[in-house]
Amino acid sequence: MSAQDMSALVARALKDEDFRQALVQDPAATAQAAGFNLSAAEVEAIRSVDPNLSQEELEERVSKFWWARPSQGIGGFEA
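Keep in mind the model is a prediction, meaning the values are calculated, not measured.

Q: Which parts of the structure should I look at to understand the side chain of Arg20?
A: When you line up the elements, Arg20 lands in helix H2 (residues 17-25). The exposure class assigned to Arg20 is buried, which follows from its relative accessible area of 13%. For Arg20, the contacting residues outside a window of four places in its chain are Ala13, Leu14, Gln55 and Leu58.

This is the structure in structure tokens:
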């Protein structure tokens, strides 16, 4: 998935609790239904997120994880 698409997916998950919960339950199907196609590595990255994190903790983790290595794309994945 492109960096722009991943950014849009993450933004939606941060703003929409129902979408975020569905994404945790079934990342590939939820993302696809929303118009995003996740790679296997991206699905695993989403599955690794603790769904019990507070909004603040989730935002902090996302900002650190997804943007930590911009030379490799979102979350360290090739863009």
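Q: Even after reading the chapter, I still don't get the packing of helix H1 (residues 3-15) against H2, so can you show me in this structure?
A: Packed helix pairs are specified by the crossing angle of their axes together with the interaxial distance, meaning the distance between the axes. Axis separation between H1 and H2 bottoms out at 5 Å; the angle between their running directions is 115°. On H2, the residues touching Leu9, Arg12, Ala13, Leu14 and Lys15 of H1 are Glu17, Phe19, Arg20 and Leu23. The residue inventory of the contact of H1 with H2, partitioned by class, reads 5 nonpolar, no polar and 4 charged.

Q: How do you make sense of the nonpolar core when you look at a structure like this?
A: Where a protein is soluble and globular, its nonpolar side chains tend to be buried together. Membership of the largest hydrophobic core is limited to 11 residues, which are Met6, Leu9, Val10, Ala13, Phe19, Leu23, Ala31, Phe36, Leu38, Val43 and Ile46. Taken together, the elements giving at least two residues each to this core come down to H1, H2 and helix H4 (40-47). The dominant element in this core, judged by the number of residues it contributes, is H1, at 4 residues.

Q: Mind showing me how you'd approach the pattern of salt bridges here?
A: Think of it this way: side chains of opposite charge can pair up when their charged atoms draw near. Inspection of the entire model under this criterion finds 3 salt bridges. Between Asp16 and Arg12 there is a salt bridge, with the nearest N and O atoms lying 3.9 Å from each other. Using a relative accessible area of 28% as the deciding quantity, one classes Asp16 as partly exposed. Exposure remark for Arg12: the relative accessible area of 37% places this residue in the partly exposed category. Notably, a salt bridge pairs Glu44 with Arg47, separated by 3.2 Å at the nearest N-O pair. One end of the pair is Glu44 and the other is Arg47, both in helix H4 and 3 residues apart, which spans about a single turn.

Q: I keep staring at the environment of Leu38 and nothing clicks. Help me out?
A: As for its placement among the helices and strands, Leu38 is situated in the loop between helix H3 (27-33) and H4. Under the relative-accessibility criterion, Leu38 is labelled buried at 17%. Separated by 11 residues in the primary sequence, Leu38 and Pro27 place their C-alpha atoms 8.0 Å from one another. Sequence-distant contacts of Leu38, defined by excluding residues within four places in its chain, comprise Met1, Met6, Leu9, Pro27, Ala28, Ala31, Val43 and Ile46.

Rules behind the numbers
Residues numbered from 1 in each chain as written. Predicted model: local features only at pLDDT ≥ 70, side-chain atom pairs only at ≥ 80, totals over all residues. Heavy atoms only, no water. Helix = DSSP H or I, 4+ residues; strand = E, 2+ residues; numbered from the N terminus. Buried < 20%, exposed > 50% of the residue type's maximum accessible area, 1.4 Å probe, protein only. Contact = heavy atoms within 4.5 Å. Axes fitted to C-alpha atoms, helices over the stretch in contact; angles between N-to-C directions. Nonpolar A, V, L, I, M, F, W, Y, C, P; charged D, E, K, R; others polar. Core = buried A, V, L, I, M, F, W, Y, C linked by side-chain atoms within 4.5 Å. Salt bridge = Lys/Arg side-chain N within 4 Å of Asp/Glu carboxyl O.

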